[in-house]
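Here is how the chains run, residue by residue.
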Amino acid sequence: MSEARAIAERAAACPGVVRLSGGPFGTVATYLPGERLVGVSVGDGAVEIAIVATTGRPLAETADEVRRAVADLAGGRRVDVRIDDVVEES
């Protein structure tokens, strides 16, 4: 499994995360063979994760949870979590 895919799976499974997001212009993505993985961009110095969060918990807690969940996969890189949208919990 690719590093980006593992990060995406862990981030998407966090409480308060509805789904990953590519951002308003779809720029948060990783290109894999035959696939564009939306919501995670892995660079030399940082990992960027864009999410859609729920109103069911504080946004800062959701972002912190995502950072903790992927920290060991980030290889010492900074983990930036961006909340692109918020939806009401049903």
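You'll find the structure just up there.
For the structure given in this document, a descriptive report is provided here. Quick caveat: nothing in here was measured; it's all calculated off a predicted structure.

### Topic: the overall build of the protein
Move 1: Looking only at helices and strands, one finds two helices and six strands in the protein.
Move 2: When the helices and strands of the protein are read in sequence order from the N terminus, they spell out α-β-β-β-β-β-α-β.
Move 3: Expected size for 90 residues packed as a compact globule is a radius of gyration near 12 Å; at 12 Å, the protein falls within 12% of this value.
Move 4: Overall, the C-alpha framework of the protein stretches about 35 × 25 × 20 Å when taken along its three principal axes.
Move 5: Within the span of the protein, comprising 90 residues, buried residues form 39% of the whole.
Move 6: A separation threshold of at least 6 residues defines the contact pool for the protein, and within that pool the share at least 24 residues apart is 66%.
Move 7: Surface accessibility of the protein: about 5,000 Å² in total, with carbon and sulfur atoms responsible for 50%.
Move 8: Each charge class in the protein can be summarised by its mean position, and for the 10 positive and 14 negative side chains these summaries are 3 Å apart.

### Things to note about helix α1 (residues 3–12)
Move 1: Ala 4, Ala 6, Ile 7, Ala 8 and Ala 11 are the residues of α1 that are buried.
Move 2: In this structure, the buried residues of α1 make contact with β1 (17–20), β2 (29–32), β3 (35–38), β4 (40–42), β5 (46–54) and α2 (59–70).

### Observations concerning the environment of Asp 84
Move 1: On the secondary structure map, Asp 84 appears in strand β6 (residues 78–87).
Move 2: Separated by 61 residues in sequence, Asp 84 and Gly 23 place their C-alpha atoms 6.2 Å apart.
Move 3: Ignoring any residue separated from it by four or fewer positions in sequence, one finds Asp 84 in contact with Ser 21, Gly 22, Gly 23, Ala 50 and Ile 51.
Move 4: A distance of 3.2 Å separates the side chain of Asp 84 from the backbone nitrogen of Gly 23, its partner in a polar contact.

Conventions and cut-offs
- Residues numbered from 1 in each chain as written.
- Predicted model: local features only at pLDDT ≥ 70, side-chain atom pairs only at ≥ 80, totals over all residues.
- Heavy atoms only, no water.
- Helix = DSSP H or I, 4+ residues; strand = E, 2+ residues; numbered from the N terminus.
- Rg over C-alpha atoms; globule rule 2.2 N^0.38 Å.
- Buried < 20%, exposed > 50% of the residue type's maximum accessible area, 1.4 Å probe, protein only.
- Contact = heavy atoms within 4.5 Å.
- Areas by Shrake-Rupley, 256 points an atom, 1.4 Å probe, with all protein chains shown as cover.
- Lys, Arg positive; Asp, Glu negative; His and termini not counted.
- Charge placed at Lys NZ, Arg CZ, Asp CG, Glu CD.
- Polar contact = N/O pair within 3.5 Å; in protein donor to acceptor, adjacent residues only side chain to side chain.

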